[in-house]
Number of protein chains: 4
Amino acid sequence: MEVRVGVVGASGYSGAVAARLLTTHPRFRLAFATSDRYVGEAVDSHLGLPVEGGLRFEPNDAAVQLAATCDAVFLATSAEVSAELAPAVLAKGKHVVDFSGAFRLETAADYARWYGFEHGAPQWLARAHYGLPEIFGGPPKFANEPTLIANPGCYATAAILALAPLVRAGVVEARGIVVDAKSGVTGAGRKATEDYAFNEIDEDLRAYKLLTHQHTPEIARALGRVADGVKGLTFTPHLLPIRRGLLATCYARPVAGVLPYDIERKLAEAYAGRSFIQVCPADRVRLHRVVGTNHARIGAAANGDVVVVVCAIDNLVKGAAGQAVQNLNLLYGYDEWLGLSQMQRMAP
Amino acid sequence: MEVRVGVVGASGYSGAVAARLLTTHPRFRLAFATSDRYVGEAVDSHLGLPVEGGLRFEPNDAAVQLAATCDAVFLATSAEVSAELAPAVLAKGKHVVDFSGAFRLETAADYARWYGFEHGAPQWLARAHYGLPEIFGGPPKFANEPTLIANPGCYATAAILALAPLVRAGVVEARGIVVDAKSGVTGAGRKATEDYAFNEIDEDLRAYKLLTHQHTPEIARALGRVADGVKGLTFTPHLLPIRRGLLATCYARPVAGVLPYDIERKLAEAYAGRSFIQVCPADRVRLHRVVGTNHARIGAAANGDVVVVVCAIDNLVKGAAGQAVQNLNLLYGYDEWLGLSQMQRMAP
Amino acid sequence: MEVRVGVVGASGYSGAVAARLLTTHPRFRLAFATSDRYVGEAVDSHLGLPVEGGLRFEPNDAAVQLAATCDAVFLATSAEVSAELAPAVLAKGKHVVDFSGAFRLETAADYARWYGFEHGAPQWLARAHYGLPEIFGGPPKFANEPTLIANPGCYATAAILALAPLVRAGVVEARGIVVDAKSGVTGAGRKATEDYAFNEIDEDLRAYKLLTHQHTPEIARALGRVADGVKGLTFTPHLLPIRRGLLATCYARPVAGVLPYDIERKLAEAYAGRSFIQVCPADRVRLHRVVGTNHARIGAAANGDVVVVVCAIDNLVKGAAGQAVQNLNLLYGYDEWLGLSQMQRMAP
Amino acid sequence: MEVRVGVVGASGYSGAVAARLLTTHPRFRLAFATSDRYVGEAVDSHLGLPVEGGLRFEPNDAAVQLAATCDAVFLATSAEVSAELAPAVLAKGKHVVDFSGAFRLETAADYARWYGFEHGAPQWLARAHYGLPEIFGGPPKFANEPTLIANPGCYATAAILALAPLVRAGVVEARGIVVDAKSGVTGAGRKATEDYAFNEIDEDLRAYKLLTHQHTPEIARALGRVADGVKGLTFTPHLLPIRRGLLATCYARPVAGVLPYDIERKLAEAYAGRSFIQVCPADRVRLHRVVGTNHARIGAAANGDVVVVVCAIDNLVKGAAGQAVQNLNLLYGYDEWLGLSQMQRMAP
């Protein structure tokens, strides 16, 4: 059986990675790809890979119509667009994996506050599956009805992978957690503004959206599902002068009596047997080991006052397109690593 | 009057910047420069600047003898070497500005623990002036006896500038502060190891020395001088794929009732009229604005749970050589900005 | 005497460097600065330097009017704008140093072909002084009438410095010269297009404008002034993933009987005693030695078939703003290095 | 049938890429991997890929003995080591693909001059197959006796792909060709010297080994096989501040009467139907399109005086490990793209 998957927004960075992964996947097939800029051009030339069937880019606004011709759709679109497209595609009876934040928060009010738009399909918020398999399991297998998977945000993926096992195990306090994260520039998507010009980014570093970034409630909500008492979570993103890769350095207070050894053991136990998570010493957690792959590396250090957990991922893979494929694998009952295990890291 | 200043270790990164600043300073004069690798070569060619007197690099082990010929000495040497050299230079009746950590901590035991060597001159620890003028003032002006200035560490400079005014004003709690800092690679000095090879650093990020970095007690000690109750300070350094620049993102808990406005006001008040500190919105704190200068930019964001303060400096200037010149200016009764106000930033 | 100089286009990269150099120059004074984006904002905050008189950015279209209040004007504007502004400023009796290519070529037809616009002031083409002092000398000192200095292009500066002494001395053939040049991204100016986005430039390299770049006729014209028979000059620019710095690798055929030694000697002789040119072994010509300064480093290698000359400059300094100050120094009879000799290089 | 292939020097950059390609290849199997630093450690962890059989790194000096257990060996070793190892492995009846220059030149004297060592197996020089399939075809298929494939150098690959079709077709002159090439730092291999430290390379550019680089005779020899009269070839390598990617900008004189159109047509014809070569407009030849793949992009511009051909490759893939796999594919009668067509490019 071959699963036909379309990508809406395939000329953006994560959409293009998703299209490439579908092209080389043994069970999935890239059924269509839409773009705002390449309409009519050959997809293979843009992906740099042989694509079956002489596929050409379709316009973005053909997305719902094209969805009817396939089994599932990846939405690599903005939250506002996804909030509108996803219900329309689901209404055609097709699965959706949404790369945006449109279905990750709890209430319509959250969207007004954190995303600044009026959510048009709040009824789907409770029905969306939050697709972080290592923490929340996969979506229901072989679903009879169309499934909506909210693919986690890149920052949220790293922070939750670092913290959830410890919060869940009760070895750190759920209050007052700090997530200091640093991401490559592809995390901001394809941009033609001066802020993202080479001369402005190269050899620079800055924090942005302090205390207002929309991944804050996403992380808090996920941690709140595994433990009580999550409160006062602080998240600060920074823009690194690199293209790909994301490192989250997370700070929590150990519960009284917990030893550094307990921290390491809880992480190791949580991820034992998982395909994509390596628990290792904290100073061996680095972007070079994960960029180009669907892996996360996680390491911790602790003393009586603090637990520091560091997690590295590729923001476009485990933080977006790779995790989407992983989720779709699980939805169709495949091994989660299918089509992902042979990805080669980019360093050097 | 011209003050004659020698630089020991002038072929390292901060030593070379110091030598350049002395060369272009209106009142100081580069009296000698020692090096482990350029002995006998012309100093001007290495600095890329005209240097008076046809100065050539001297061997490092001539440092004490050369010190006798000048008024003050910059030690751009390792802590272990400085611990030995500084007392010898002071014994010659000369002022010392030490770039290393050798005289920043309180007790010999601190050195055994954090630096891993036996301190040979613990009697100087209490006599050293910790040279962060914006927080602790300058050294005693026109000192009659030889003065030892412990020039602050680069990470410590950024963290203390960000936090000390708030801790001192009692608007944040002194317990449980987190400093997440990111530095360019020159912070590690000139290295010929594979870890610091271009291919290993470019497009990478990693945390290092988690919970064990020697600037931790330095920051804690400085904050402890301005407020009681400093405890459980956590510091995590990260290695950025850039050459120069350091950003510290600092997290503290606001004291009950403190408003975001109070935080901004305390920072603004603390640095009103200071030559080198700009308080600005937190998302305008970026390396590009400070690299190549002796400036620090500081900005804060706050809510009921947390105060985040971001501080950016050039690790080789305000974090090392520039601050050394600033300290020497103050020691000799000059304006602190003399020879520093015309430095031009490096971006773009 | 203090010379009052205005900068039109001071928010662009080379305009900002020019404004900084004027601010720190012992004899020149920044009289006004215009900008397309910062009108009304304080100039000192944008330059990161103390500026006398509380100067604020003026609108670009006030340029001619403001020119009346000062002695000379730097035009850091596009060629098309400069072609219009320069005559208007000169008509006010003020000197002009034009950073653009508007007055570097010979005929109006050249502008139609290489720049794609109709030149409105062709009568000034023959009267403009091409400001490459090391090759063509300075402008006439103490000029009684307003002088127009065409400040050379960045690529042209490096290529001409590398080649002119050899072409002039007749040791290489004037035909068939190849200039393969590589520039940092600031050479393209401040851009808000996707082509110059960080993600598109970082870790990339590409050639552009092959056989059509407008510096081609500028280089050919300059070499044609020092020797007969210049023909078939080829110039290929490349875009480097760095901000500042430009390296030109130039290839020419040695005249029969010329030895490698002759090449080195001719270069050394040509630049003996010049403030800003270092002739050195070719593999020691690198960007790090010149970026942040007004220096050029030049080195050559040769055998019986070819002469290779490598030249490195900072495209914003010797390739733009620094050379403009050098030219103005000479126009006013000052040492060419005034205000430039203390610039500090940016590496590391 | 499964072909068992060992990699000698698998902890170097090109050796590691080769080991990864063998691991994910549908017909080849990584049979062993030797290393100077990881002996005894698990190969999968270092490659970041699942490797069958719990393979661990073997010491380099077990190479010949291990060779006996497999069908072919990749030598990712220095020229001097390869010159010794290759004959020993061939004597065991095994195929060798040598990544070094040890078997690319014509005579033992060439090695004394360009590589600086005494070649111990000059009898193999004439028997080695120079493995640039697009120009010289594959090695003899299903060879009965052990075959030695000299895998081309990275610079040589780009230069020859750019020039050979034009030289062979007689549309450019064989004399006086200039190759100006720029390579990422992985081209220099894993280095722990200060010259290759991040601080020394970042934001820098320099030419090196002017007129003395060992790829010069390799390029000249290859062009000499496709046309008479090759003479006076000039090659200048430059070190780019990036990790992977190599761009060669090549200059030749057109034969009288040749039109730009002829140049483009000859390139298009030469590479029609080839899996890995894209001929495109010269300003669309950029590293981002090829890095991470076995592809080369080639484009040309021409006028009456000059033909400029630009070629971009990934120095570790088409310039080393990918081409080695391509050669081995051909030796075993497989499609040349087997195991290579699904490689994903690294940008963004």
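Scroll up for the structure.
Residues numbered from 1 in each chain as written. Chains lettered and ligands numbered in written order. Predicted model: local features only at pLDDT ≥ 70, side-chain atom pairs only at ≥ 80, totals over all residues. Heavy atoms only, no water.

Hey, could you run me through the overall build of chain A in this one?
Per the secondary structure count, chain A includes 11 helices and 14 strands. At 19 Å, chain A has a C-alpha radius of gyration in line with the 20 Å of a compact globule built from 348 residues. With the C-alpha coordinates aligned to their principal axes, the bounding extent of chain A is approximately 60 × 45 × 40 Å. Expressed as a percentage of its 348 residues, the buried residues of chain A come to 65%. Across chain A, contacts joining residues at least 24 apart in sequence account for 70% of those joining residues at least 6 apart. Carbon and sulfur atoms form 47% of the exposed surface of chain A, whose accessible area is close to 11400 Å². (Helix = DSSP H or I, 4+ residues; strand = E, 2+ residues; numbered from the N terminus. Rg over C-alpha atoms; globule rule 2.2 N^0.38 Å. Buried < 20%, exposed > 50% of the residue type's maximum accessible area, 1.4 Å probe, protein only. Contact = heavy atoms within 4.5 Å. Areas by Shrake-Rupley, 256 points an atom, 1.4 Å probe, with all protein chains shown as cover.)

Is there a simple way to think about the pattern of salt bridges in this case?
Charged atoms that come close allow side chains of opposite charge to pair. Applying the stated criterion to the full structure yields 81 salt bridges over all chains. Residue Asp204(C) pairs with Arg206(C) through a salt bridge whose shortest N-O separation is 3.8 Å. Grouping residues by exposure puts Asp204(C) and Arg206(C) together as buried. One salt bridge connects Glu218(D) with Arg104(D), and the closest N-O pair in it is separated by 3.0 Å. Remark: Arg104(D) occurs in the loop between β5 (95-98) and α5 (108-115) and Glu218(D) occurs in helix α9 (residues 215-226); sequence separation between them is 114 residues. Residue classification places Arg104(D) among the buried residues on the basis of a relative accessible area of 4%. (Salt bridge = Lys/Arg side-chain N within 4 Å of Asp/Glu carboxyl O.)

Looking at this model, I keep getting lost on the interface of chain C and chain D. Mind explaining?
How big an interface is tends to be expressed through the accessible area that disappears when the partners come together. Across the contact, 43 residues belong to chain C and 44 residues belong to chain D. Of the roughly 3500 Å² buried at the junction of chain C and chain D (both faces included), carbon and sulfur atoms supply 59%. Taken together, the links from chain C to chain D amount to eight salt bridges. Joining chain C to chain D, the criterion identifies 24 residue pairs in polar contact (both at pLDDT 80 or more). Counting residues per element, the ones that place at least two in the side of chain C that touches chain D are β8 (178-183), α8 (198-201), β9 (206-207), β10 (234-239), β11 (246-252), β13 (296-302) and β14 (307-313) of chain C. Take the side of chain C that touches chain D: its biggest share by element is four residues, from β8(C). (Buried area = accessible area lost by both parts, 1.4 Å probe. Polar contact = N/O pair within 3.5 Å; in protein donor to acceptor, adjacent residues only side chain to side chain.)

Looking at this structure, I do not really get the packing of helix α7 (residues 154-168) of chain D against helix α10 (residues 260-271) of chain D. What am I missing?
Angle between the axes and distance between the axes: these two values describe a pair of packed helices. Residue and element names in this part refer to chain D. In the contact formed by α7 and α10, the axes pass within 9 Å of each other and the chain directions differ by 110°. Considering the angle they form, α7 stands roughly perpendicular to α10. Across the interface between the two elements, Ile 160, Leu 161, Ala 162, Pro 165 and Leu 166 from α7 touch Ile 263, Lys 266, Leu 267, Ala 270 and Tyr 271 from α10. (Axes fitted to C-alpha atoms, helices over the stretch in contact; angles between N-to-C directions. Parallel < 35°, antiparallel > 145°, perpendicular 65-115°, else oblique.)

Where do I start with the interface of chain B and chain A in this structure?
Every contact between the two is made by 42 residues of chain B and, on the other side, 44 residues of chain A. Counting the surface lost from both chain B and chain A, the interface buries some 3500 Å², and carbon and sulfur atoms represent 59% of this. Three residues stand out in chain B for area buried against chain A, namely Glu203(B), Leu205(B) and Leu211(B), and they jointly supply 17% of the buried area on that side. Two residues, Arg286(B) and Asp204(A), come together in a salt bridge whose shortest N-O distance is 2.7 Å. The interface formed by chain B and chain A contains 24 residue pairs in polar contact (both at pLDDT 80 or more). Secondary-structure elements contributing two or more residues to the side of chain B that touches chain A are β8 (178-183), α8 (198-201), β9 (206-207), β10 (234-239), β11 (246-252), β13 (296-302) and β14 (307-313) of chain B.

Would you take a moment to explain α7(D) for this structure?
Each α-helix winds once per 3.6 residues, and so residues spaced three or four apart point in a common direction. Residues and elements named next belong to chain D. Between its first and last C-alpha, α7 extends 21 Å over 15 residues, near the 21 Å set by a 1.5 Å rise per residue. Where α7 bends most, the angle comes to about 35°, and this point is Ile 160. Judged by how many residues are buried, α7 sits mostly within the fold: 14 of 15 residues are covered. Phi turns positive one or two residues past the end of α7, at Gly 170, with a value near 70°. (Expected span 1.5 Å × (residues − 1). Bend = angle between axes of the 7 residues up to and from the residue.)

Just to check I follow, could you spell out the relation of the copies chain C and chain D for this structure?
What relates the two chain copies is a rotation about an axis together with a slide along it. Each copy superposes on the other: chain C lies on chain D with an RMSD of 0.0 Å after a rotation of 180° and an axial shift of 0.0 Å. Seen this way, the second copy is the image of the first under a two-fold rotation axis. Same-surface contact between copies: 100% of interface residues of chain C are shared with the interface of chain D. (Least-squares fit on C-alpha atoms with pLDDT ≥ 70 in both.)

Could you clarify how one ought to interpret the nonpolar core in this entry?
For soluble globular proteins, the rule of thumb is that nonpolar side chains tend to be buried together. One finds Leu287(A), Leu287(B), Leu287(C) and Leu287(D) to be the most contacted residues of the largest nonpolar core, which totals 84 residues. Residue assignment for this core shows that the elements contributing at least two residues are β11 (246-252) and β14 (307-313) of chain A, β11 and β14 of chain B, β11 and β14 of chain C together with β11 (246-252) and β14 (307-313) of chain D. Not counting residues within four places of it along the chain, the set of residues in contact with Leu287(A) comprises Leu240(A), Ile242(A), Arg244(A), Gly245(A), Leu246(A), Leu247(A), Ala312(A), Ile313(A), Glu203(B), Asp204(B) and Leu205(B). (Core = buried A, V, L, I, M, F, W, Y, C linked by side-chain atoms within 4.5 Å.)

Help me out: how do you make sense of α9(D) in this one?
Residue and element names in this part refer to chain D. Here α9 contains 12 residues, and its C-alpha end-to-end distance of 17 Å stays within 8% of the 16 Å for a straight helix at 1.5 Å per residue. Those residues of α9 not exposed but buried are His 215, Thr 216, Pro 217, Glu 218, Ile 219, Ala 222, Leu 223 and Val 226. On the buried face of α9, the contacting elements are α5, β6 (129-130), α6 (133-136), α7 and β10 (234-239).

Would you mind going over the sheet that holds strand β5 (residues 95-98) of chain B with me for this structure?
Within a sheet, neighbouring strands are paired by backbone hydrogen bonds and run either parallel or antiparallel to one another. All names here are of chain B. The strand order across the open sheet formed by seven strands is β3-β2-β1-β4-β5-β7-β6, and the pairing between neighbours is parallel. Looking along the sheet, the strands with just one partner apiece sit at the ends: β3 (58-59) and β6 (129-130). On top of the sheet, helix α4 (residues 79-91) reaches β1 (3-8), β4 (72-75), β5 and β7 (148-150); it is set at about 160° to β5, its chief contact. (Pairing = 2+ DSSP bridges.)

Help me understand the environment of Met346(A) in this model?
Note on placement: Met346(A) falls in the segment after α11 (317-331). Owing to a relative accessible area of 9%, Met346(A) belongs among the buried residues under this scheme. Sequence separation between Met346(A) and Asp305(A) is 41 residues; the distance between their C-alpha atoms is 37 Å. Those residues in contact with Met346(A), other than ones at most four positions away along the chain, are Arg244(A), Val291(A), Gly292(A), Arg243(D), Arg244(D), Arg345(D) and Met346(D).

Got a minute to help me understand the packing of helix α7 (residues 154-169) of chain A against helix α9 (residues 215-226) of chain A in this structure?
Residues and elements named next belong to chain A. Between α7 and α9, the least distance of the axes is 9 Å, while the angle of their chain directions is 25°. Here α9 runs roughly parallel to α7, going by the angle between their axes. Crossing of α7 over α9 shows right-handed handedness. In this structure, α7 uses Cys 154, Tyr 155, Ala 156, Ala 159, Ile 160, Leu 163, Ala 164, Val 167 and Arg 168 to contact α9, whose residues at the interface are His 215, Glu 218, Ile 219, Ala 222, Leu 223 and Val 226. (Left-handed = near helix turned anticlockwise from the far one by under 90°.)

What exactly am I supposed to notice about the side chain of Gln326(A) here?
All names here are of chain A. On the secondary structure map, Gln 326 appears in helix α11. Under the relative-accessibility criterion, Gln 326 is labelled buried at 0%. Discounting residues that sit within four places of it in the chain, Gln 326 has contacts with Pro 133, Glu 134, Arg 274, Phe 276, Asn 294, Lys 318, Glu 336 and Leu 340.

Just to check I follow, could you spell out the sheet that holds strand β5 (residues 95-98) of chain A for this structure?
All names here are of chain A. Ordered by their spatial adjacency, seven strands build an open sheet running β3-β2-β1-β4-β5-β7-β6, and the pairing between neighbours is parallel. Here the strands that pair on one side only, and so sit at the sheet edges, are β3 (58-59) and β6 (129-130). Pairing between β6 and strand β7 (residues 148-150): two bridges, direction parallel. Directly across from His 129, in β7, lies its bridge partner Ile 149. Across the face of the sheet, α11 comes into contact with β1 (3-8), β2 (28-35), β4 (72-75), β5 and β7 while running at roughly 160° to β4.

What am I meant to see in the relation of the copies chain B and chain A here?
Here chain B sits on chain A after a turn of 180° about the axis and a move of 0.0 Å along it, with an RMSD of 0.0 Å. The share of interface residues of chain B whose copies in chain A are also at the interface is 100%, consistent with both copies meeting through the same surface.

Looking at this structure, I do not really get the packing of aromatic side chains. What am I missing?
Applying the stated criterion to the full structure yields 38 aromatic pairs over all chains. Aromatic ring contacts, followed pair by pair, group Phe28(A), Tyr332(A) and Tyr334(A) into a single cluster. Here the guanidinium or amino end of Arg225(B) rests over the ring plane of Phe136(B), the centre of that ring lying 3.9 Å away. Note that Arg127(C) overlies the ring of Trp124(C), its terminal NZ or CZ placed 3.9 Å from the centroid. (Phe/Tyr/Trp six-rings, centres within 6.5 Å; stacked < 30°, edge-to-face > 60°. Lys NZ or Arg CZ within 6 Å of the ring centre and 35° of its normal.)

As far as function goes, none of this settles anything; it's purely spatial.
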